[in-house]
Each structure stands twice: as structure tokens, then as C-alpha cells.
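Architecture and fold: a report
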Amino acid sequence: MMQMSDSHSQKNSLFTAMNRFIGAVNNMDQTVMVPSLLRDVPLEQEKDLHTLSHEPGSYLRDAEADMFSYYTQLKAIRNDIQWGVLRAEEQRRNKEKEVEVPQMEGEEEAADLEQLFRFHLRGLQGVLSRLTHQANELTDRYKQEIGIAGWGQ
């Protein structure tokens, strides 16, 4: 009984989600031999006006969103996960020095930190799941574009 619940927990762990994402991006990277072929290829084969978002400035994101931009974005995220984000951390530290953050007291701080951690952990797992799906779709789409759909499956 305990082993079954442990395997279910491991399936949904952050570490497993990160490994799935890194594996999908590595597969994408190995499959995409000529990344420049992804330029100007839309993300979806049939993107109609109903699927476009109507948020302010979204038309710019929709116009810039091609498979090459996703390819480079996914690789950059993978590198940040594997090697860390030192530059971003340094910038965050510099901003923290400029802005003073009010400190909480004892147990209240611990409870808030635990809730904050769980909130961000759930969000991170959701984002990693979506990014993994995105990397797999990009790989499949690249195979279709160069005419090798169905290989390696």
C-alpha cells in the first residue's frame, strides 16, 4: 500500500516533472537538425481568428509566435533549469537591496512561507507540464514539416 502511494507521489513530483520536460526538450533538440527551418512556421496548423486572444498587445505576441521562437524559448528554459539562473538571481538581489521588504514574525512567517511555497510549486508543475507538451508538439510538427512524421514512435 505504501509503495503504491509513493510511486503515485513520485509521478507527480517536481523532480519528475522537470525530468520529463528536460527529456522532451532534449528529444526536440536531437530531432530538430536545422532549427532555421522553424522560422515563420506558425505554431498551429490551422490558427483561426477565434483562437487568437483579445488581450491588449496580444496581436504582437501572436504575430511573433512561430516555432523557432518556441524552440529557442524551450531550450533557454531547459538551460535555466539545468544550470541555474545566476544572472537573474544577481538582478533580484540588487533590487532587494533597493527595496526594503517588511519582515514577518515567527510562526506567522513559517505558515505563510509554506503556503507560498505550495502555491508556487503547483504553478511550477503546471507550467512544466505545459512546456513539456509544447516541446513534444514542436518535435512532432517539425517531423511533419520535413516529411518524417511517424518516425521514432
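Residues numbered from 1 in each chain as written. Predicted model: local features only at pLDDT ≥ 70, side-chain atom pairs only at ≥ 80, totals over all residues. Heavy atoms only, no water.

For clarity, the cut-off: UniProt positions are given in the numbering used here, feature names are shortened, and annotations may be inferred rather than shown by experiment.
The chain is annotated in an unreviewed UniProt entry as Mid1-interacting protein 1A from Chanos chanos. What the UniProt record of the chain gives under Sequence similarities (unreviewed entry) is the line "Belongs to the SPOT14 family."

**Observations concerning the nonpolar core**
As a reminder, the rule being used: The definition of a nonpolar core used throughout is a set of buried Ala, Val, Leu, Ile, Met, Phe, Trp, Tyr and Cys residues joined through side-chain atoms within 4.5 Å. Any residue under 20% of the maximum accessible area for its type is buried, any over 50% is exposed, and the rest in between are partly exposed; the area is computed with a 1.4 Å probe on protein chains only. Only DSSP runs of H or I covering at least 4 residues are called helices, and only runs of E covering at least 2 are called strands; the numbering of each starts at the N terminus. Any two residues whose heavy atoms approach within 4.5 Å are treated as being in contact.
The biggest cluster of nonpolar side chains holds 18 residues, and the ones touching the most others in it are Phe 21, Met 28, Val 32, Leu 38, Leu 74 and Leu 138. The set of elements that each furnish at least two residues to this core consists of helix 2 (14-31), helix 4 (67-83) and helix 6 (106-146). The biggest single contributor to this core is helix 2, with 6 residues. Setting aside residues up to four positions removed in sequence, Phe 21 forms contacts with Leu 74, Ile 77, Arg 78, Ile 81, Leu 128, Leu 131 and Thr 132.

**Here's the deal with the packing of aromatic side chains**
Selection rule: In summary, the pairing rule links any two rings of Phe, Tyr or Trp, Trp by its six-membered ring, whose centres are within 6.5 Å, and it sorts them by plane angle into stacked for under 30 degrees, edge-to-face for over 60 and tilted for everything else. Geometrically, a lysine NZ or arginine CZ counts as sitting over a ring once it is within 6 Å of the ring centre and also within 35 degrees of the ring normal.
Tallying each qualifying case throughout the model produces 1 aromatic pair. Taking the ring centre of Phe 68 as reference, the NZ or CZ of Arg 39 above it sits at 3.9 Å.

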